[in-house]
Amino acid sequence: FTEKSRVGGYRESVVAQLSTLGLIHTFMPKPLNYPHHLQTTEPEVFIIESLSVAEEIRGRFDGRALRDSLRITGQQPAYYYVRNAAELANALELFRHSGYRFLHLSLHGAADSVFTTLEEITNAEFAEMCAEKLKNRRVFFSACEVGSGGLSHLLPAKNKGMYSIAAPQDKITFGAACAFWTAF
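The rules behind each value
Residues numbered from 1 in each chain as written. Predicted model: local features only at pLDDT ≥ 70, side-chain atom pairs only at ≥ 80, totals over all residues. Heavy atoms only, no water. Helix = DSSP H or I, 4+ residues; strand = E, 2+ residues; numbered from the N terminus. Buried < 20%, exposed > 50% of the residue type's maximum accessible area, 1.4 Å probe, protein only. Contact = heavy atoms within 4.5 Å. Areas by Shrake-Rupley, 256 points an atom, 1.4 Å probe, with all protein chains shown as cover. Pairing = 2+ DSSP bridges. Axes fitted to C-alpha atoms, helices over the stretch in contact; angles between N-to-C directions. Phe/Tyr/Trp six-rings, centres within 6.5 Å; stacked < 30°, edge-to-face > 60°. Lys NZ or Arg CZ within 6 Å of the ring centre and 35° of its normal.

Asks: Which parts of the structure should I look at to understand the overall build of the chain?
Replies: Helix and strand content of the chain: seven helices and eight strands. Counting only residues that meet the buried cut, the chain has 46% of its 184 residues in that class. Sequence-distant contacts in the chain: of pairs separated by 6 or more residues, those separated by 24 or more amount to 77%. Surface accessibility of the chain: about 9,000 Å² in total, with carbon and sulfur atoms responsible for 56%.

See below:
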């Protein structure tokens, strides 16, 4: 794999190889009984993760580790792995309809943007993706520096009634993120 994978040069072969290695896993959340109001929530965690290709190869999935830890405690977390903005938008829509209260995002970040495997998404674009999906919900980021930028102001502005955001203001390591979120 080369850095070209990040910009789409070898995307199809990377996805095929990751599938073969068993690195692509998606677990559907247990749906609430329908019909239910979109803002009715259960205290469950919905995890969306996106890493660099190099981290996928090394198996550094802190979102998956969180999912496994929560399962041990009897929770029923949902886990989605995404690689681009379109897949992220779809996963956020699934979260909205899941009835889960807690959204945990494990991705790379900076003060002004978040990153999927293949794309950079500005804070404004990400806030727009989340618009009207976070009422009566809490968001947790396992992403470097996301808490130091404007995202903590943009998300609530697009989501009246959102409970809270927890996000690191500095760079974090995979080990520290995994230990922190599991204990949290």
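Asks: What is the right way to read the sheet that holds strand β4 (residues 108-110) from this model?
Replies: Think of a sheet as strands paired side by side through backbone hydrogen bonds, with each pair either parallel or antiparallel. Sheet architecture is open: three strands sit in the order β4-β5-β6, paired in antiparallel fashion. Here the strands that pair on one side only, and so sit at the sheet edges, are β4 and β6 (120-122). Ignoring which end each strand starts from, the neighbouring axes of this sheet average 20 degrees apart. Those strands touched by helix α5 (residues 123-130) are β5 (113-115) and β6, and its axis lies near 80 degrees from that of β6.

Asks: How do you make sense of the packing of aromatic side chains when you look at a structure like this?
Replies: Two descriptors summarise a pair of aromatic rings, namely the distance from one centre to the other and the angle between the planes of the rings. Considering all chains together, one arrives at six aromatic pairs under this definition. Look at Phe-61 and Tyr-81: their rings are 5.6 Å apart centre to centre, the planes differ by 65 degrees, and that puts the pair in the edge-to-face class. Of this pair, Phe-61 sits in the loop between α2 (53-58) and α3 (62-72) while Tyr-81 is found in strand β2 (residues 78-81), placing the two residues 20 residues apart along the sequence. Residue classification places Tyr-81 among the buried positions, given a relative accessible area of 8%. Members of the aromatic cluster, each reached through a chain of ring pairs, are Phe-46, Tyr-80, Phe-95 and Tyr-100. The positively charged end of Arg-64 is found above the aromatic ring belonging to Phe-61, 4.1 Å away from the centroid.

Asks: I'm lost on the packing of helix α4 (residues 85-98) against α5 in this one. Help?
Replies: Helix-helix packing: each pair is described by the crossing angle between the helix axes and the interaxial distance. At a minimum axis distance of 9 Å, the contact between α4 and α5 shows a crossing angle of 35 degrees. Every residue of α5 that contacts α4 at Ala-85, Leu-88, Ala-89 and Leu-92 is listed here: Phe-126, Met-129 and Cys-130.

Nothing here speaks to function; it is all geometry.
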